[in-house]
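Notes for the structure review
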Protein chains: 2
Amino acid sequence: MFQQRSSRLLSLLSTSCNRPFVAQRGASLRSRSARAYSIHADASVGNKILGIDPSKLTIEKTTTPKDLLPPEQLVFGRNFTDHMLSLEWTASQGWLPAKITPYQNLSLDPATCVFHYAFECFEGMKAYKDKDGNVRLFRPDRNMERMNKGAARIALPTFDPYAMIDLIGKFVKLDKRFIPDTRGYSLYLRPTLIGTQRTLGVGPPASALLYVIASPVGPYYPTGFKAINLEATDYAVRAWPGGVGDKKLGANYAPCIVPQMQAASRGFQQNLWLFGEEEYITEVGTMNLFVAIKNKETGKPELLTAPLDGTILEGVSRDSVLGLARERLEPKGWNVIERKVRMKEISDAADEGRLMEVFGTGTAVIVAPVRKISWKNKLVDCGLEDHVEAGPIAIQMKEWVEDIQTGKEEHPWSYQVI
Amino acid sequence: MFQQRSSRLLSLLSTSCNRPFVAQRGASLRSRSARAYSIHADASVGNKILGIDPSKLTIEKTTTPKDLLPPEQLVFGRNFTDHMLSLEWTASQGWLPAKITPYQNLSLDPATCVFHYAFECFEGMKAYKDKDGNVRLFRPDRNMERMNKGAARIALPTFDPYAMIDLIGKFVKLDKRFIPDTRGYSLYLRPTLIGTQRTLGVGPPASALLYVIASPVGPYYPTGFKAINLEATDYAVRAWPGGVGDKKLGANYAPCIVPQMQAASRGFQQNLWLFGEEEYITEVGTMNLFVAIKNKETGKPELLTAPLDGTILEGVSRDSVLGLARERLEPKGWNVIERKVRMKEISDAADEGRLMEVFGTGTAVIVAPVRKISWKNKLVDCGLEDHVEAGPIAIQMKEWVEDIQTGKEEHPWSYQVI
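Predicted model, so just to flag it, every value in this text is computed and none were measured.

1. A word on the nonpolar core
The tendency in soluble globular proteins is for nonpolar side chains to be buried as a group. Grouped together as the largest cluster of nonpolar side chains are 136 residues, with contacts concentrated most on L85(A), M164(A), L85(B) and M164(B). With residues up to four places along the chain from it excluded, the contact list for L85(B) reads L57(B), A98(B), K99(B), I100(B), M164(B), L167(B), I168(B), F171(B), L210(B), Y211(B) and V212(B).

2. Let's talk about the relation of the copies chain B and chain A
What relates the two chain copies is a rotation about an axis together with a slide along it. Aligned on chain A, chain B shows an RMSD of 0.0 Å; the corresponding rotation is 180 degrees and the shift along the axis is 0.0 Å. Seen this way, the second copy is the image of the first under a two-fold rotation axis. Mapped onto chain A, 98% of the interface residues of chain B are again interface residues, and the two copies thus contact each other with one and the same surface.

3. A word on the environment of T158(A)
Residue and element names in this part refer to chain A. Within the secondary structure layout, T158 lies in the loop between α3 (140–153) and α4 (161–174). A relative accessible area of 5% places T158 in the buried class. Between the alpha carbons of T158 and W95 there is a distance of 9.7 Å; along the sequence they are 63 residues apart.

4. Looking at the pairing of strand β21 (residues 378–381) of chain B
In summary, the side chains of a regular strand alternate between the two faces of the sheet. All names here are of chain B. For strand β20 (residues 366–375) and β21, the ladder comprises four bridges, and the chain directions are antiparallel. The residue of β21 that forms the bridge with K372 is D381. Adjacent in sequence and paired antiparallel, β20 and β21 are bridged by two residues, among which K376 carries a positive phi angle near 50 degrees.

5. Things to note about helix α5 (residues 257–265) of chain A
Residues and elements named next belong to chain A. Of all the nine residues making up α5, eight are buried; the element is thus mostly covered by neighbouring parts of the structure. Every buried residue of α5 is accounted for by I257, V258, P259, Q260, M261, Q262, A263 and A264. Directly after α5, the chain includes G267, whose backbone phi takes a positive value near 95 degrees.

6. A word on helix α8 (residues 392–405) of chain B
Note on helix geometry: an α-helix contains 3.6 residues per turn, so any two residues three or four positions apart are oriented the same way. All names here are of chain B. Compared with the 20 Å implied by 1.5 Å per residue over 14 residues, the 20 Å span of α8 between its first and last C-alpha is a close match. Inspection of α8 places I393, A394, M397, W400, V401, E402, D403, I404 and Q405 among the buried residues, and these make up the whole buried set. Those residues of α8 hidden inside the fold are in contact with β9 (125–129), β10 (135–138), α6 (316–329), β19 (355–362), β20 and β22 (414–416). One or two positions beyond α8, positive phi appears at G407, with a value near 80 degrees.

7. Some words on the interface of chain B and chain A
Contact with chain B, which involves 93 residues of that partner, is made by 93 residues of chain A. Both sides of the chain B and chain A interface together cover about 8,000 Å² of buried area, and 63% of this is carbon and sulfur. The tally of links between chain B and chain A comes to zero salt bridges. Inspection of the chain B/chain A interface yields 29 residue pairs in polar contact (both at pLDDT 80 or more). Looking at the side of chain B that touches chain A residue by residue, the classes come out as 55 nonpolar, 25 polar and 13 charged. Where strand β7 (residues 106–108) of chain A and strand β7 (residues 106–108) of chain B come together, three bridges link them in antiparallel fashion. Within β7(B), the residue paired with L108(A) across the bridge is L106(B).

8. Some remarks on the pattern of salt bridges
Residue and element names in this part refer to chain A. One pass over the full model with this rule turns up 58 salt bridges over all chains. A salt bridge links D319 to R139, with the shortest nitrogen-to-oxygen separation between them at 2.9 Å. Pair noted here: D319 is in helix α6 (residues 316–328) and R139 is in the loop between β10 (135–138) and α3, with a separation of 180 residues, a long-range link. A salt bridge links E338 to R318; the shortest N-O distance between them is 2.6 Å. Placement of E338 in strand β18 (residues 335–338) and of R318 in helix α6 is noted, with a sequence separation of 20 residues between them. Among the residues examined, E338 registers a relative accessible area of 32% and is labelled partly exposed. R318 gets classed as buried once you look at its relative accessible area, which sits at 2%. Within this structure, R183, K398, E402 and D403 form a network of salt bridges that share partners.

9. Some details on the UniProt feature "modified residue: N6-(pyridoxal phosphate)lysine" (unreviewed entry) in chain A
Residues and elements named next belong to chain A. Taking the numbering used here, the UniProt-annotated feature "modified residue: N6-(pyridoxal phosphate)lysine" (unreviewed entry) corresponds to K248. Of note, K248 is situated in the loop between β13 (228–233) and α5. Ignoring anything within four residues of it in the chain, the contact list for K248 reads C121, F122, E123, G124, R146, Y253 and L313.

10. Points about the pairing of strand β6 (residues 99–102) of chain A
Residues and elements named next belong to chain A. Two elements, strand β3 (residues 58–59) and β6, share two bridges in a ladder whose sense is parallel. Within β6, the residue paired with T58 across the bridge is K99. Sheet topology note: the strand β4 (residues 83–90)/β6 ladder contains four bridges and is antiparallel. Residue pairing for β6: M84 is matched across the bridge by T101.

11. Overview of the packing of α6(A) against helix α8 (residues 392–405) of chain A
Residues and elements named next belong to chain A. Where α6 contacts α8, the axes come no closer than 11 Å and their chain directions differ by 105 degrees. By the angle between their directions, the pair α6 and α8 is classed as roughly perpendicular. In contact with V321, L324, A325 and R328 of α6, α8 contributes M397, W400, V401 and I404. Taken together, the residues of the contact of α6 with α8 sort by class into seven nonpolar, no polar and one charged.

12. Some words on the environment of K294(B)
Residue and element names in this part refer to chain B. Position of K294 relative to the elements: it lies in strand β16 (residues 287–294). Sequence separation between K294 and L355 is 61 residues, and the spatial gap between their C-alpha atoms is 6.5 Å. The residues contacting K294, other than those within four sequence positions of it, are G299, K300, P301, R354 and M356.

13. Re the domain arrangement of chain A
Residue and element names in this part refer to chain A. Taken domain by domain, chain A holds domain 1 (58–217) and domain 2 (228–410). Averaged C-alpha coordinates put domain 1 and domain 2 at centres separated by 28 Å. Each side of the interface is counted separately: domain 1 has 24 residues, and domain 2 has 24 residues. With both sides pooled, the region where domain 1 packs onto domain 2 buries about 2,300 Å², and carbon together with sulfur makes up 55% of that total. There are six salt bridges connecting domain 1 and domain 2. Notably, a salt bridge pairs E402 with R183, separated by 3.0 Å at the nearest N-O pair. Applying the counting rule to domain 1 against domain 2 returns 13 residue pairs in polar contact (both at pLDDT 80 or more). Breaking the side of domain 1 that touches domain 2 down by element, the ones donating at least two residues are β8 (120–122), β9 (125–129), β10 and α3. Examining the composition of the side of domain 1 that touches domain 2, we find that six residues originate from one element, α3, more than from any other. A per-class count over the side of domain 1 that touches domain 2 returns eight nonpolar, four polar and twelve charged.

14. Comments concerning unusual backbone geometry
Residue and element names in this part refer to chain B. Even without being glycine, A155 reaches a positive phi, approximately 60 degrees. Relative to the helices and strands, A155 resides in the loop between α3 (140–153) and α4 (161–174). The phi dihedral of N377 is positive, around 60 degrees, even though this residue is not glycine. For N377, the position within the fold is in the loop between β20 and β21.

15. A look at the packing of aromatic side chains
Within the structure shown, the criterion is met by 21 aromatic pairs over all chains. Centroid distance F275(A) to W240(B): 5.7 Å. Interplanar angle 35 degrees. Geometry classified as tilted. Placement of the pair is F275(A) in strand β14 (residues 270–275) and W240(B) in the loop between β13 (228–233) and α5 (257–265), with the two residues belonging to separate chains. Accessibility assignment for this pair places F275(A) and W240(B) in one class, buried. Here F138(B) and W413(B) contribute two aromatic rings whose centre-to-centre distance is 6.0 Å and whose plane-to-plane angle is 90 degrees, an arrangement assigned as edge-to-face. With F138(B) in strand β10 and W413(B) in the loop between α8 and β22, this pair connects stretches of sequence that are 275 residues apart.

16. Considerations on the side chain of D109(A)
Mapped onto the elements of the fold, D109(A) is located in the loop between β7 and α2 (113–117). Buried and unpaired, D109(A) has R198(A) as its nearest opposite-charge partner, separated by 4.4 Å. Here Y103(B) takes part through its side chain, which lies 2.4 Å from a polar atom of the side chain of D109(A). Residues contacting D109(A), with those up to four places away along its chain left out, are F115(A), R198(A), Y103(B) and N105(B).

Calculation notes
Residues numbered from 1 in each chain as written. Chains lettered and ligands numbered in written order. Predicted model: local features only at pLDDT ≥ 70, side-chain atom pairs only at ≥ 80, totals over all residues. Heavy atoms only, no water. Core = buried A, V, L, I, M, F, W, Y, C linked by side-chain atoms within 4.5 Å. Buried < 20%, exposed > 50% of the residue type's maximum accessible area, 1.4 Å probe, protein only. Contact = heavy atoms within 4.5 Å. Least-squares fit on C-alpha atoms with pLDDT ≥ 70 in both. Helix = DSSP H or I, 4+ residues; strand = E, 2+ residues; numbered from the N terminus. Pairing = 2+ DSSP bridges. Expected span 1.5 Å × (residues − 1). Buried area = accessible area lost by both parts, 1.4 Å probe. Salt bridge = Lys/Arg side-chain N within 4 Å of Asp/Glu carboxyl O. Polar contact = N/O pair within 3.5 Å; in protein donor to acceptor, adjacent residues only side chain to side chain. Nonpolar A, V, L, I, M, F, W, Y, C, P; charged D, E, K, R; others polar. UniProt positions renumbered as here; feature names shortened; annotations may be inferred. Axes fitted to C-alpha atoms, helices over the stretch in contact; angles between N-to-C directions. Parallel < 35°, antiparallel > 145°, perpendicular 65-115°, else oblique. Domains from an automatic or database assignment. Phe/Tyr/Trp six-rings, centres within 6.5 Å; stacked < 30°, edge-to-face > 60°. Lys, Arg positive; Asp, Glu negative; His and termini not counted.

This is the structure in structure tokens:
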């Protein structure tokens, strides 16, 4: 079908690009066989169309406000606030004025391209209430930057991240009453961008919808940490060099469910994705993974995580943990290192008593301590004593991150909604 | 989020499976490094729920029938018939009775999992009118089998393929007036299966919608063949052993658009996906690829195509061309071979005058002859003389397949709707 559309493609591509942000950036990476992959996501639209103008926001308030649920009844992503934020985009007009409306169904033609070709990307971020009742977002610029990278990679429109943060702030303030003011509680925000073209030809969507919904959520561990057990997955591959596994695309999620169910059927809470002959550790379920280990030669403690080589998501929590570790653990004698880590290294360290702790990181959980990993018919013990549910680094990281998120510690990562 | 759901997962998995079809089949494949990947897509539901019962179909006819478009105005996948077929599924009840209704929008909660995690798979198939005015489908069992494999791989429900073919037949007969009765014209059918659970937790959808829409389409080449030029893509990778590139999932399509646009910006109608250091040819745009070549040693003609190793779609047209070639070309001295083919082999054969022809195969096009391939800053000439737009094998294959599709040749692949 491409043939029929190529003239439009060419006209799109022939105009110069004034995207304010990442649209012209490409990810350059190198596979283990040293082959270079690089894709410049420049499926950009021209310079005559509208960017997002937050001053044009219209607000239609609900006439039937919802009752607030008791905090203990909150389930992740099941209940939503009174309103939603949405912006339509067309290739000819650009971004149309943003609207806040009552939370409502989308009405879409069954031929809409999001149903057929997975033109969809999303973000996960949270809003918090601080001790003074102000609303705070945590590193929203990182989420918007990542969303733009994902959008550009699948030929969806990019946008000015700061205009979107402005709009998200207005939306969250309107539904502020849904943010519980207890530590550990927050409002999970789900910006979502979908292609809305109503034809079956496989090509760049000429229309799209960006919307944000919000779900009040409780702490992931309401009664304190609970360490999880992992099953290493070697029979399926989540992501590969030159692919899209480093983007927050819908496409990366549905294929992960069956391996997760298979791990669950054998009693493991998550699966651990390995890559290649070397069995490098990549992601755990939908989280990044950190390993605290004593160096075999020096005995010095090291905090390791996989590098951004295209096979792992650029987690905001991952980046926060890395940043805090470099700032606050290195002065205490730690080495903080992004490098490929073989599963065998972890297993050997466990056997030799050098494995200190292992934990996942993600927006929902902040950190998720790991007790054991099933790999090659053995159970690798990740260093937690039987009576504890988290190691000291995981506990420390959760505290540091939460202090910043809730404004207990003033930090540039915390964005106060005015 | 998996943790919260694992008890349901486990209860789903603990019941035995009575799926009539492919749900328990897995794809076993081997990467170039000889590592075995195998994923058994057994995310199945229990045996107490309803299968599809075509006798329960209800039909609500439109009160505003559409005007038929003049055949020359038909554009692939842009206009649809009066009606659509749909079936809802829930994990607790199974398949609810099928409905034929007027073609209409879907109304979905913005938290619906199809928008976030790409729980979606689809099929492309066609209905034809034969010389006696009967409606025919082409190998619908292959499409339903493939759809079940895709569904099972992303934890969507599978179904009895023959019940679905029965229902699709009823739907097509109702909208029969939309099938043009000129050779080359047909009714493109798009079965689509989406997850409809309205929560953001990442897990198997507890509800789904299977629907079929239909679009009358003209011949891909209204004025005769038009050979295409390809750009070999080595900076991005479509599929990987152990991944899902062999399934017809929405997830495989959006990431292909930017490389296609980049090829188009340089004047190439499609991109050719290479794989690995060896630069094996895999797919062209959204088609499979065939190469006709004279064997270097024997001089004997060979028809080559990539094997089903997990990195290419199991094309129905691919399988049809292979079958016909084995039946009708081998007796004429051809060897028909599924094997990995390096791009360099094609280039060398072109240089040595042994490259006879190259063509893509797919439902929309049947065959798409290739004139040149841009690879490593050279243009590989695929053997077509300047004044012709297709080679003899491509022309022959299109004729054989169309004869069967339209019932001119009676063949078990053609399924007459009763």
